[in-house]
Amino acid sequence: MINANLARTHRERLPVVPFSAMSDPKINVCQIFPHYAPVLAGAAERFRRYSPGLRKLGVQTSVITSRSDPALPVQERMDDCVDVTRMETGSVPRERDLLLFQETERYLAAQGKDRAQVVQTIKMDRRIFHSLWRIKRQGRALIFVSTMVEPETWGRTALHRWVNLQLQMWFQRIFDAVVVGSPAMAAAQRRMGVSPRRLHVISHGVNIERFQPAPWPAAWPELASAVLPSNAKICLYVGHLIPRKGVSTLLQAWPEVAAKHPDAWLILVGSVYRPTVSSEKERSEIETYQAGLFRDLASLPRVLHITQQPDIQRWYQMADIFVFPSTQEGFPNALLEAMGTGLPCLTRRFMGFPDGQLGEKEGVIRVVDDPAPAWSAAMTEVLSNASMRNNMGRDARDIIVRNHALDKTLGAYASLYRRLAGVKNLTTHGKSSY
């Protein structure tokens, strides 16, 4: 049961403070994230990076999120452009999201409509329907941004799965717009009953100035320089260490690669702590999985794990190939960033794979089958062929610059926000893909 006293106390002590940037006559978009910076959650971090560019296009973003750490302030201005409000939601994963949306609805009601003409969320959960419905009744437009291609039917029996699907199709109609990152994600949403009129494909934008090939000679991050020999060939993975990311496949494949390439290193960059878990069962499963990973890692030659790095672009720049054996994604940031940096990329055909968008048919990226021996063979081959690496990396960079550059994404979001907010005849930057 949700702690009602906790919610009431938070409402009483949280002042309704006019945000500093809200006085400008701009479109105001409130984004609701279960977790936000400093927590490194994929979609939240992506939109944090978008905020400065959106502001230049006349879109002021604010964020309401859970206060995951009591040391964090209740209200904070981040990156000199995003006003963040943190709600007390407790520590029980199942209660956290429900309480967050209940508190958000009350907070927005106190703020008034002009504080947020558009409200955006990455959650589509039947339990938060009533809170979203009340937010919409306040006269605000609702956007759902899909971040993952999920199994489309789940449940104990065929009837249970059918009922769940019907409820999901009914619930999503509350949103004025549904945004996805790729045509594959769009197809999944159409199967869930989202009409083409409400469905918008906006690619994840890559900052092609930050994520670009390294200048020569490249200066390695200090941590890497202290551990790795200067002649190391680096196979890089970036992402959380959780079961769906498939890191265990890399560890199983590595002994053969290490034997054939004595100068090769496998670098895993990613957080162990996973605050975004949805249940204690999921938390336990992740902890068990990670314990097995680190047992295997300790017995392997030339494998290094480090936590997520703020200068992650420099780790991409020092790598020779990027390896991404995930089994389920939306449109993964790490893969796009690696391509933008000019890395040859090996990936699994994950659930939600964007067929035809990343040049896999032309050999720009390499799609590798599931078994570990296939990964050993692919990594060994690409490490052995400098010309192949150069060609793959160059073509990968071209695809990102042409189709997934940040400016194009910002322009598409700004255009959508304007439409939903009812603002006409304003200059936009870029072109939407819907």
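Since the model is a prediction, treat every value here as computed from it, not as a measurement.

Chemist: I tried to follow the overall build of the chain on my own but got confused; where do I start?
Modeler: Scanning the chain for helices and strands turns up 14 helices and 14 strands. By the burial criterion, 54% of the 434 residues in the chain qualify as buried. Residue pairs at least 24 apart in sequence account for 70% of intrachain contacts in the chain once pairs closer than 6 positions are excluded. Element-wise, carbon and sulfur atoms account for 53% of the exposed surface of the chain, whose accessible area totals about 19100 Å².

Chemist: Which parts of the structure should I look at to understand the packing of helix α2 (residues 42–56) against helix α14 (residues 406–421)?
Modeler: Two numbers describe how α2 lies on α14: the axes approach to 10 Å, and their chain directions differ by 75°. Comparing the axis directions of α2 and α14 gives the class roughly perpendicular. Of the residues in α14, those touching α2 at Phe47, Tyr50, Gly53 and Leu54 are Leu406, Thr409, Leu410, Tyr413, Ala414 and Tyr417. Of the residues contributing to the contact of α2 with α14, the split by class is eight nonpolar, two polar and no charged.

Chemist: What is the right way to look at the packing of helix α8 (residues 247–260) against helix α12 (residues 372–384) in this model?
Modeler: Geometry of a packed helix pair, given as the angle between the helix axes and the separation of the axes. Running from amino to carboxyl end, α8 crosses α12 at an angle of 45°, the nearest separation of the two axes being 8 Å. When the interaxial angle is binned, α8 and α12 end up oblique. Here the hand of the crossing between α8 and α12 comes out right-handed. Facing α8, whose interface residues are Thr249, Leu250, Gln252, Ala253, Trp254, Glu256, Val257 and Lys260, α12 presents Ala372, Trp375, Ser376, Met379, Thr380 and Leu383. Its residues assigned to classes, the contact of α8 with α12 comprises eight nonpolar, four polar and two charged.

Chemist: Even after reading the chapter, I still don't get the packing of aromatic side chains, so can you show me in this structure?
Modeler: Aromatic rings considered in pairs are described by the distance between their centres and by the relative angle of their planes. Per the counting criterion, the structure on display carries 15 aromatic pairs. An angle of 20° between the planes, with centres 6.5 Å apart, marks the rings of tyrosine 237 and phenylalanine 324 as stacked. With a gap of 87 residues between them, tyrosine 237 in strand β9 (residues 233–238) and phenylalanine 324 in strand β12 (residues 321–324) connect regions that are remote in the sequence. With respect to class, tyrosine 237 is no different from phenylalanine 324; both count as buried.

Chemist: Would you take a moment to explain the sheet that holds strand β3 (residues 75–78) for this structure?
Modeler: The mixed open sheet is built from eight strands, whose spatial order is β3-β4-β2-β1-β5-β6-β7-β8. Every interior strand has two partners, whereas the edge strands, β3 and β8 (199–201), have only one. Strand-to-strand twist of the sheet, defined as the mean angle between neighbouring strand axes without regard to direction, takes the value 25°. Of the pairings in the sheet, the one linking strand β1 (residues 27–33) to strand β5 (residues 118–121) comprises four bridges and is parallel in character. Across the sheet, residue valine 29 finds its bridge partner in β5, namely valine 118. α2 rests against β1, β2 (59–66), β3, β4 (82–87), β5 and β6 (141–145) of the sheet, and its axis sits at about 155° to β2.

Chemist: It is not clear to me how the confidence of the model for the chain should be interpreted in this structure. Could you clarify?
Modeler: Where the model shows low pLDDT, its predicted coordinates should not be examined in detail. Scored by pLDDT, the chain comes out at a mean of 86, with 88% of its residues at no less than 70. The least confident element of the chain, judged by mean pLDDT, is helix α1 (residues 4–13) at 39; the most confident is β12 at 98. Low confidence marks residues 1–25, where pLDDT is under 50. Its contacts with residues over four positions away, or in another chain, come to 48 contacts. Taken as a whole, residues 424–434 scores under 50 in pLDDT and shows 26 contacts with residues more than four places along the chain or in a different chain.

Chemist: What is the right way to look at the sheet that holds β9 in this model?
Modeler: Strands pair in a sheet through their backbones, by hydrogen bonds, and they do so in one of two ways: parallel or antiparallel. Pairing in this open sheet of six strands is parallel, and the strands run β11-β10-β9-β12-β13-β14 from one edge to the other. Edge strands, defined here as strands with exactly one partner in the open sheet, are β11 (303–306) and β14 (365–368). Averaged over neighbouring strand pairs, the angle between their axes works out to 25° when direction is ignored. Across four bridges, strand β13 (residues 345–348) lies against β14 in parallel orientation. Looking at the pairing, cysteine 345 lines up with isoleucine 365 of β14. Packed on one face of the sheet, α8 meets β9, β10 (264–269), β11, β12 and β13 and runs near 165° to β10.

Chemist: How do you make sense of unusual backbone geometry when you look at a structure like this?
Modeler: Glycine aside, residues mostly have negative phi angles, and peptide bonds mostly take the trans form. The step from alanine 37 to proline 38 runs through a cis peptide bond, and the omega angle for that step is 15°. Summarising the element assignment, proline 38 is placed in the loop between β1 and α2. The phi dihedral of aspartate 79 falls on the positive side, at around 55°, and the residue is not glycine. Within the element layout of this structure, aspartate 79 appears in the loop between β3 and β4. Non-glycine residue arginine 302 carries a positive phi angle of around 55°.

Chemist: Help me understand the nonpolar core, please; the structure alone is not making it clear to me.
Modeler: Considering soluble globular proteins, one finds that nonpolar side chains tend to be buried as a cluster. In this structure, Trp254, Tyr316, Phe322 and Met379 are the most contacted members of the largest nonpolar core, which totals 95 residues. Here this core gets seven residues from one element, more than from any other, and that element is α8. The contacts of phenylalanine 322, once residues within four sequence positions are left out, are Leu236, Tyr237, Val238, Tyr316, Ala334, Leu335, Ala338, Leu343, Pro344, Cys345 and Leu346. Ile27, Ala43, Val145 and Ala414 belong to the second-largest nonpolar core, a separate cluster that totals 33 residues.

Chemist: What exactly am I supposed to notice about the pairing of β2 here?
Modeler: Two faces make up the sheet, and in a regular strand the side chains alternate between them. The element β2 is largely enclosed, with a buried count of eight among its eight residues. Judged from the seven bridges that link them, β1 and β2 form a sheet pairing that is parallel. Looking across to β2, one finds that asparagine 28 is bridged to glutamine 60. Taken together, β1, α2 and β2 constitute a β-α-β crossover, and its handedness is right-handed. In the sheet, β2 pairs with β4 via five bridges, with the strands oriented parallel. Within the sheet, the bridge partner assigned to isoleucine 64 lies in β4 and is threonine 85.

Rules used throughout
Residues numbered from 1 in each chain as written. Predicted model: local features only at pLDDT ≥ 70, side-chain atom pairs only at ≥ 80, totals over all residues. Heavy atoms only, no water. Helix = DSSP H or I, 4+ residues; strand = E, 2+ residues; numbered from the N terminus. Buried < 20%, exposed > 50% of the residue type's maximum accessible area, 1.4 Å probe, protein only. Contact = heavy atoms within 4.5 Å. Areas by Shrake-Rupley, 256 points an atom, 1.4 Å probe, with all protein chains shown as cover. Axes fitted to C-alpha atoms, helices over the stretch in contact; angles between N-to-C directions. Parallel < 35°, antiparallel > 145°, perpendicular 65-115°, else oblique. Nonpolar A, V, L, I, M, F, W, Y, C, P; charged D, E, K, R; others polar. Left-handed = near helix turned anticlockwise from the far one by under 90°. Phe/Tyr/Trp six-rings, centres within 6.5 Å; stacked < 30°, edge-to-face > 60°. Pairing = 2+ DSSP bridges. pLDDT = per-residue confidence, 0-100. Core = buried A, V, L, I, M, F, W, Y, C linked by side-chain atoms within 4.5 Å. Right-handed = clockwise from strand over helix to strand, strands pointing away.

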